[in-house]
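Given next are the chains, with one letter for each unit.
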Amino acid sequence: EAAPDLAYLSMGVEARAPEVQAAAASVSERVEKVLALTRGLDIPDRHVSTAAASVHPEFDFRNNQPDGPRLIGYVVRRQITVRLEDLDLIGRLTEGALEAGVNSMSDAAFDTTRRAELEREAMGLAVADARSRAEAIAAADGARAGKARRLTGMRSGGPRPQMMMRESMAMSAAADQTYQTADLRIEARVQAEFELLTD
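Residues numbered from 1 in each chain as written. Predicted model: local features only at pLDDT ≥ 70, side-chain atom pairs only at ≥ 80, totals over all residues. Heavy atoms only, no water.

Participant: Any chance you could explain unusual backbone geometry here in plain terms?
Facilitator: Leaving glycine out, the prevailing phi sign among residues is negative, and the prevailing peptide bond configuration is trans. Despite not being glycine, Asp 42 has its phi angle at roughly 60 degrees, a positive value. Checked against the element boundaries, Asp 42 lands in the loop between helix H1 (20-40) and strand E2 (48-60). (Helix = DSSP H or I, 4+ residues; strand = E, 2+ residues; numbered from the N terminus.)

Participant: Sorry, what's going on with a nonpolar patch on the surface here?
Facilitator: Taken together, the side chains of Phe 59, Phe 61 and Leu 71 present a nonpolar region at the surface, about 310 Å² in accessible area. Its place among the elements puts Leu 71 in strand E3 (residues 70-84). Exposure remark for Leu 71: the relative accessible area of 41% places this residue in the partly exposed category. (Patch = residues over 30% accessible without salt bridge, like charges linked within 9 Å, V, L, I, M, F, W, Y side chains within 5 Å. Areas by Shrake-Rupley, 256 points an atom, 1.4 Å probe, with all protein chains shown as cover. Salt bridge = Lys/Arg side-chain N within 4 Å of Asp/Glu carboxyl O. Buried < 20%, exposed > 50% of the residue type's maximum accessible area, 1.4 Å probe, protein only.)

Participant: Hey, could you run me through the packing of H1 against helix H2 (residues 90-100) in this one?
Facilitator: For any two helices packed against each other, one specifies the crossing angle of their axes together with the interaxial distance. Where H1 contacts H2, the two axes come as close as 9 Å, and the packing angle between them is 155 degrees. The angle between H1 and H2 falls in the class roughly antiparallel. Seen from above, H1 lies across H2 with right-handed handedness. In contact with Arg 30, Lys 33, Val 34, Leu 37 and Thr 38 of H1, H2 contributes Arg 92, Leu 93, Gly 96, Ala 97 and Ala 100. Residue composition of the contact of H1 with H2, grouped by class: five nonpolar, two polar and three charged. (Axes fitted to C-alpha atoms, helices over the stretch in contact; angles between N-to-C directions. Parallel < 35°, antiparallel > 145°, perpendicular 65-115°, else oblique. Left-handed = near helix turned anticlockwise from the far one by under 90°. Contact = heavy atoms within 4.5 Å. Nonpolar A, V, L, I, M, F, W, Y, C, P; charged D, E, K, R; others polar.)

Participant: Help me out: how do you make sense of H1 in this one?
Facilitator: Within an α-helix, residues lying three or four positions from one another point in the same direction, as the helix has 3.6 residues per turn. In this model, H1 (21 residues) spans 30 Å end to end at C-alpha, consistent with the 30 Å of a helix rising 1.5 Å per residue. Where H1 ends, the next residue or the one after it, Asp 42, has phi of about 60 degrees, a positive value. (Expected span 1.5 Å × (residues − 1).)

Participant: Teacher, can you tell me more about the nonpolar core here?
Facilitator: One broad rule of soluble globular proteins: the nonpolar side chains tend to lie buried together. In terms of nonpolar packing, the biggest core is built from 29 residues, with Met 11, Ile 43, Ile 80, Leu 84 and Leu 93 touching the most fellow members. Only strand E1 (6-17), H1, E3 and H2 provide two or more residues apiece to this core. When near neighbours in sequence (up to four residues on either side) are disregarded, Met 11 contacts Val 34, Arg 78, Gln 79, Ile 80, Val 82, Ala 97, Val 102, Ser 104 and Met 105. (Core = buried A, V, L, I, M, F, W, Y, C linked by side-chain atoms within 4.5 Å.)

Participant: I'm lost on H2 in this one. Help?
Facilitator: Burial of H2 is extensive: eight of the eleven residues sit out of reach of the surface. For H2, the complete set of buried residues consists of Ile 90, Gly 91, Leu 93, Thr 94, Glu 95, Gly 96, Ala 97 and Ala 100. Those residues of H2 that are buried are in contact with E1, H1, E3, strand E4 (104-105) and strand E5 (109-111). Taken from the residues just after H2, Gly 101 is the one with a positive phi, measuring 110 degrees.

Participant: Just to check I follow, could you spell out the side chain of Arg 115 for this structure?
Facilitator: Turning to its location among the elements, Arg 115 is positioned in helix H3 (residues 115-140). For Arg 115, a relative accessible area of 12% corresponds to the buried category.

Participant: Looking at this structure, how should I read the pairing of E3?
Facilitator: In regular strands, side chains alternate between the two faces of the sheet. Inspection of the sheet shows E1 paired to E3 by eleven bridges, in the antiparallel sense. When the bridges of E3 are listed, Arg 16 appears paired with Val 75. (Pairing = 2+ DSSP bridges.)

Participant: Just checking my understanding: could you explain the environment of Val 76 for this structure?
Facilitator: By the secondary structure assignment, Val 76 is in strand E3. Sequence-wise, Val 76 and Ala 15 are 61 residues apart; in three dimensions their C-alpha atoms are separated by 5.5 Å.

Participant: Looking at this structure, I do not really get the environment of Glu 14. What am I missing?
Facilitator: Here Glu 14 lies in strand E1. A polar contact is formed between the side chain of Glu 14 and the side chain of Arg 77, at a distance of 2.6 Å. (Polar contact = N/O pair within 3.5 Å; in protein donor to acceptor, adjacent residues only side chain to side chain.)

See below:
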């Protein structure tokens, strides 16, 4: 287990308008406010992605209109992803983003910069555990476990979203202390095959 020192936050900005330009302008204005927020928090631009975007027409399918569905406007969405290396900023970032006009926000995915090191350590422990189990099985039949004939390692998954404790989506940034994170669990699995020695 390890304490997280990284967080990935994903948030969405969405706008509807009769004209696509109006919807896009509304979204762009709010995205700029979020970027101003991240820069004000000294989060490097390279840790902020706003590239994911989509535009969809919106139709009225009611009343079986003779000419088919009526176009009533457009929906424009932008996705903002932030890599946060100072976890003390989570409260200020999330609350500030909501004030800037973000419509949706996922729970943070926490990770550690030591993941590769910890995965290797976990893999070594998994191999040792596999041998210990093999030796116990062999001993139960009066034999011994020999050299490993096959070892297949399976790494754990990457960052997983974790719920962040917060009172409400509308609370002020003064409530930063309500945010807390749990330790990460780094797992490794191995599939092992050992020689069975009977002499």
